[in-house]
Amino acid sequence: MVSRVIPVEQFDLVIFGGTGDLARRKILPGLFRRFRAGQMPEGSRVIAAARSEMDDADYRKQMMAAIKEFGGSETKDTESLEAFVQSLHYVAVDARGDGGWSELAQLMRDGVIRAFYFSVGPGLFGDLAERLHQHAIADRDSRIVVEKPFGRDLQSAKALNATLAQHFREDQIYRIDHYLGKETVQNLMAVRFGNALFEPLWNSHYVDHIQITVAETVGVGGRGGYYDKSGAMRDMVQNHLMQLLCLIAMEAPNQFEADAVRDEKLKVIRALQPVDFHHIVRGQYEPGSGGPSYREDVENPRSHTESFVALKAHIANMRWAGVPFYLRTGKRMKGRVSEIAVVFKDIGHSIFEGDEARHRNILAIRLQPNEGMDLQVTIKEPGPGGMRLVDVPLDMTFADALGDEQEVPDAYERLIMDVIRGNQTLFMRGDEVEAAWAWTDPIIEAWEARNDVPKHYDQGTAGPEDAMMLMHRDGRRWREIKG
Ligand code: NAD
């Protein structure tokens, strides 16, 4: 039976930073697609609030162009696009001053859901929270949405949480990690907890190890200044990879409900053992066909910031005792891949004469490209001449399996609609974020204390040689990153 889509109530969504890169590339195009899908109730409004002076007409024109650029094929429906931009409004607001706040207050309406998207740097979160309160713009049911980076260490994350907590309850705060909005990530939970097949095998008795890879082909792009102060550990591992690790490793929540799910994720983070320094590899990309070196990209010839991390983690609990979790992420790599692979143990004894290969079932959950899953199984190679075994994937690419009519919403669209619905399941709770920093902080501090120099790797590869060795030493290997 197909479960129904929960309807959305009429809302006013205020986007602070509504002229910024994130708003133009993700938030507005995402909202347009939900509008087209009939999920934006009549009368709902998007109110952009940012520094530049402009009126509604200017803003609509700008966003029309941005949505056309980033919104995909649906933007060919110009009639819908025209109708959508009529729901956009603009107020010039200074987060740090008084300008624009009474205009914004006057625009707000009673009786509709109020959501405030903080699509600005975290340095402004406190100012925005304070002003929303001072001008009585946010009410008890209002939601706020905040973006990464959520702190740069435990101390700053705690300070940010404390700042927000002065004016908002935890159930009003939606910390976005867009990885959690991916269809596949939710499917991971459906597959694990909705099938009899996998859960009995999901433990140290049957799982040899788990690999999580998030490889990008791009470099630091225009974000060099920010990235060089951050690095792959802060930018990717502490949030995205950690969230994926939690979902793959957590116990079944008693129901699919926000706090039940987040309680289980938190237990995983708290059970993570400190990482042994021999089990971490940092890397930095060198020049190559793809472009200049990392150091040239960030215009810092002496930078020791990592654009790549690989590590082996252990979760100290009964389910996962002894099972390594290998995590890696990097920029300017051979291919663009995000996947989690659960590698099951081999069967131990082969009854097939001459079959010396170690056949392993692998459940690979792909976030990109082609969201989907495949399960590697061992079968007989077709044809005469005896029993020769081959490993083949049972491929389930969602777009193929579900057909084109099942339009898969982008992560941002889904998450924004969850904010309006008041569903926090796919958002990080404050204590989760803090626990994740508590695990990554000692690693980063040790690098900084000894001025650790990252290993260099050629662009277009799978990262430094040492990352291969991390697996080889354990008699295992990374899954191939396809170019
Ligand atoms: P941006 O620099 O492109 O835009 C910043 C926006 O904030 C602009 O609209 C600007 O007018 C507004 N702003 C700045 N100072 C202001 C002030 N004093 N008062 C009112 N408005 C002010 O930034 P962005 O790339 O859109 O990123 C926004 C946030 O989202 C950041 O925290 C960033 O780290 C995070 N983020 C961005 C991306 C992305 O893909 N761009 C991805 C993940 C997270």
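What counts as what
- Residues numbered from 1 in each chain as written.
- Predicted model: local features only at pLDDT ≥ 70, side-chain atom pairs only at ≥ 80, totals over all residues.
- Heavy atoms only, no water.
- Buried < 20%, exposed > 50% of the residue type's maximum accessible area, 1.4 Å probe, protein only.
- Helix = DSSP H or I, 4+ residues; strand = E, 2+ residues; numbered from the N terminus.
- Arc of directions from axis to C-beta.
- Contact = heavy atoms within 4.5 Å.
- UniProt positions renumbered as here; feature names shortened; annotations may be inferred.
- Pairing = 2+ DSSP bridges.
- Axes fitted to C-alpha atoms, helices over the stretch in contact; angles between N-to-C directions.
- Near = heavy atom within 4 Å.
- Polar contact = N/O pair within 3.5 Å; in protein donor to acceptor, adjacent residues only side chain to side chain.
- Areas by Shrake-Rupley, 256 points an atom, 1.4 Å probe, with all protein chains shown as cover.
- Nonpolar A, V, L, I, M, F, W, Y, C, P; charged D, E, K, R; others polar.

1. Concerning helix α3 (residues 78-85)
Then comes step 1: All buried positions along α3 are accounted for by Ser80, Leu81, Phe84 and Val85. Viewed end-on, α3 has its buried residues packed into an arc of 130°, placing them on one side of the element.
Then comes step 2: Those residues of α3 that are buried lie in contact with α1 (21-36), α2 (56-70) and β3 (88-92).

2. Observations regarding the UniProt feature "active site" (unreviewed entry) in the chain
Then comes step 1: UniProt marks His240 with the feature "active site" (unreviewed entry), using the numbering shown here.
Then comes step 2: Secondary-structure assignment places His240 in helix α9 (residues 231-249).
Then comes step 3: His240 has contacts with Lys148, Asp177, His178, Tyr179 and Asp235, leaving out every residue within four places of it along the chain.

3. Examining the sheet that holds β3
Then comes step 1: In space, the six strands of this open sheet follow the order β3-β2-β1-β4-β5-β6, with parallel pairing throughout. Every other strand in the sheet has two partners, leaving β3 and β6 (173-175) as the edge strands with one partner each. Adjacent strand axes in the sheet meet at a mean angle of 20°, parallel and antiparallel pairs treated alike.
Then comes step 2: Running over the sheet, helix α5 (residues 125-134) touches β1 (11-16), β4 (113-118) and β5 (143-146) and is turned about 155° from β4.

4. A word on the site of the ligand
Then comes step 1: Around the ligand, the surrounding shell holds 20 residues, and the nearest of these are Thr19, Asp21, Arg25, Ala95 and Val120.
Then comes step 2: Here Thr19 contributes a side-chain N or O atom positioned 2.6 Å from an oxygen atom of the ligand.
Then comes step 3: Protein contacts shield 74% of the accessible area of the ligand, which totals 830 Å² for the unbound molecule.
Then comes step 4: Counting residues per element, the shell around the ligand draws most heavily on α1, which supplies three residues.
Then comes step 5: Looking at the shell around the ligand, its residues break down into eight nonpolar, six polar and six charged.

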